[in-house]
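Each chain is listed here by its residues.
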Amino acid sequence: MNHYTLRSRRRTVAIESNTSASLGVPPDYSYLKSLVKSIPGVLNLPTIKKAEKYFNLPLGTHFRAPSREMGLQMKSLFAHALREHGIVAIELGFEDSSSQFMLQLVEAMGCKADTHSSNQGALWDVTYKPEGVVSAKSGGVAHSRSHGVGEFAWHTDGSFEENPQRFFGLHILHPDKMGGGIFRVLPAEDLVASLGPAAVETLLKTEFTIQVPDEFYKGKASIKGKLLSIDPETGHYLLRFRRDILTDPPSDDPVVNQVVEDLNNLLDDPAKSGSRFPDSIFKENVVLLMDNARFLHMRTEIADKRRHLRRVRFHGKPQVD
């Protein structure tokens, strides 16, 4: 090494050291870091994800029913919470492998459970079911998103119905215990607040063609409906949405198509949309009741194929004694 090269290297090291010191980094930090990483057996620290945003249940929406009888006696408490906040979680203190309590509670609150299709009853198993179900439309096998293991993006249940069920219930029989199948929720008010006034106005006035999945066929292949409306009694925003059953493009109007694209982009951004439901609540033998129009919900890709929920969809206004 000649004198000029040595002097240049010293000058470079001096500059790097001064720059590192000014940033609060020890001299030769990069060199030491690369040296340590090159030593066999030394592992890099895992990447730590930012703390995930969890959904906080409103006060007065989380209950425990010690017995079936006491749970049914608490129906007015559940109905009030469901009407006021749009969500209720009930931990069952008794076994109910057939989910009959959920059906009994729907009836006790003065509501009516709906069928899922022309040949499927009020209860629907949300679980891995590769054999599918028989379609009343074709007579062949149809595969529902709820029977797969892939991500099920943001949606409201029954969004393809002419009159979507206002509420749904989930009885959690076996949550995903391998880190997948995460249930996330997004209040309609939060979504609307993230949209511009012009987009909200467009969604309030535009009717879309919505295709009915084969497994939920009830006599019509498609229906017309708005994605956003306002409850005339409460003023709450109400949603009807599932992107994969909208036509492509959704409209003949480019302005409307841009609004739908912006909505989808917003929903695809995890930093801006939705919260994870707490595992401490989304667990075995919990019944979750939700206002289907005041929340979007989704689930991440399933890792545990034993994940099993049972669902009911229902109409009516929960009655408070």
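Residues numbered from 1 in each chain as written. Predicted model: local features only at pLDDT ≥ 70, side-chain atom pairs only at ≥ 80, totals over all residues. Heavy atoms only, no water.

**Brief notes about helix α5 (residues 100–108)**
Of the residues making up α5, those classed as buried are Phe101, Met102, Leu105 and Val106. What you see down the axis of α5 is that its buried residues fit within an arc of 140 degrees, all on one side. Gly110 lies just past α5 and shows a positive phi near 85 degrees. (Buried < 20%, exposed > 50% of the residue type's maximum accessible area, 1.4 Å probe, protein only. Helix = DSSP H or I, 4+ residues; strand = E, 2+ residues; numbered from the N terminus. Arc of directions from axis to C-beta.)

**Considering the nonpolar core**
By size, the foremost hydrophobic cluster in this structure holds 50 residues, and its most contacted members are Phe277 and Leu288. Take this core: its biggest share by element is 6 residues, from helix α8 (residues 254–268). The contacts of Leu288, once residues within four sequence positions are left out, are Ile87, Val88, Ala89, Phe168, Gly169, Leu170, Phe183, Phe277 and Phe282. (Core = buried A, V, L, I, M, F, W, Y, C linked by side-chain atoms within 4.5 Å. Contact = heavy atoms within 4.5 Å.)

**What about the packing of aromatic side chains?**
Scanning the model with the defined rule gives 10 aromatic pairs in all. Between the aromatic rings of Phe63 and Phe78, the centroid separation amounts to 5.1 Å while the plane-to-plane angle is 70 degrees, which identifies the pairing as edge-to-face. Here Phe63 is found in strand β1 (residues 62–65), whereas its partner Phe78 is found in helix α4 (residues 75–85), with 15 residues between them in sequence. Comparing Phe63 with Phe78 shows no difference in burial state: the two are buried. Here the aromatic rings of Phe277 and Phe282 are separated by 6.3 Å at their centres, their planes lie at 70 degrees, and the arrangement is edge-to-face. (Phe/Tyr/Trp six-rings, centres within 6.5 Å; stacked < 30°, edge-to-face > 60°.)

**Here's the deal with the sheet that holds strand β9 (residues 183–187)**
Think of a sheet as strands paired side by side through backbone hydrogen bonds, with each pair either parallel or antiparallel. Taken in spatial order, the 4 strands of this open sheet run β7-β16-β9-β14, and their pairing is antiparallel. Of all strands in the sheet, those with a lone pairing partner are β7 (152–155) and β14 (275–276), marking the two edges. Bridge analysis of β9 against strand β16 (residues 295–299) gives 5 bridges, and the strand direction is antiparallel. Pairing of Pro187 across the sheet is with Phe295, part of β16. (Pairing = 2+ DSSP bridges.)

**Describing the side chain of Ser99**
With respect to the helices and strands, the residue Ser99 is situated in the loop between β2 (87–92) and α5. The class of Ser99 is buried, set by a relative accessible area of 0%. Here Arg310 takes part through its side chain, which lies 3.0 Å from a polar atom of the side chain of Ser99. Residue contacts for Ser99: discarding those within four places in its chain leaves Leu123, His171, Leu173 and Arg310. (Polar contact = N/O pair within 3.5 Å; in protein donor to acceptor, adjacent residues only side chain to side chain.)

**Observations regarding unusual backbone geometry**
Looking along the chain, the bond that leaves Asp248 and enters Pro249 is cis, with omega of 0 degrees. By secondary structure assignment, the location of Pro249 is in the loop between β13 (237–239) and α8. A positive phi angle is found at Asn285, which is not glycine, with a value near 60 degrees. Along the chain, Asn285 falls in the loop between β14 and β15 (286–291). On the accessibility criterion, Asn285 (14% relative accessible area) is buried.

**Things to note about the environment of Met290**
One can find Met290 in strand β15. Residues Met290 and Val88, spaced 202 residues apart in sequence, show a C-alpha to C-alpha distance of 6.5 Å. Non-local contacts of Met290, meaning those with residues more than four positions away in its chain, are made with Leu82, Gly86, Ile87, Arg166, Phe167, Phe168, Phe183, Val185 and Phe295.

**A few points about the confidence of the model for the protein chain**
Residues at a pLDDT of 70 or more form 83% of the protein chain, whose mean pLDDT is 86. Below a pLDDT of 50 lies the segment residues 2–26, which in the model reaches 7 contacts outside its immediate sequence neighbourhood of four places, other chains included. Note on residues 39–49: pLDDT is under 50 here. Beyond four places in sequence and across chains, it has 2 contacts. (pLDDT = per-residue confidence, 0-100.)

**Notes on the pairing of β1**
The alternating pattern of β1 places Phe63 and Ala65 on a buried face and His62 and Arg64 on a face that is not buried. Pairing of β1 with β2, which is carried by 4 bridges, proceeds in the parallel orientation. Its bridge partner being in β2, Arg64 is matched across the sheet by Glu91.

**What about the side chain of Arg240?**
Relative to the helices and strands, Arg240 is located in the loop between β13 and α8. The buried charged residue Arg240 lacks any salt bridge partner; its closest oppositely charged side chain belongs to Glu207, at an N-O distance of 7.5 Å. Polar side-chain contacts of Arg240 include one of 2.9 Å to the backbone oxygen of Ser159. Not counting residues within four places of it along the chain, the set of residues in contact with Arg240 comprises Thr156, Ser159, Glu161, Glu162, Pro164, Ile210, Ile223, Gly225, Lys226 and Leu227. (Lys, Arg positive; Asp, Glu negative; His and termini not counted. Salt bridge = Lys/Arg side-chain N within 4 Å of Asp/Glu carboxyl O.)

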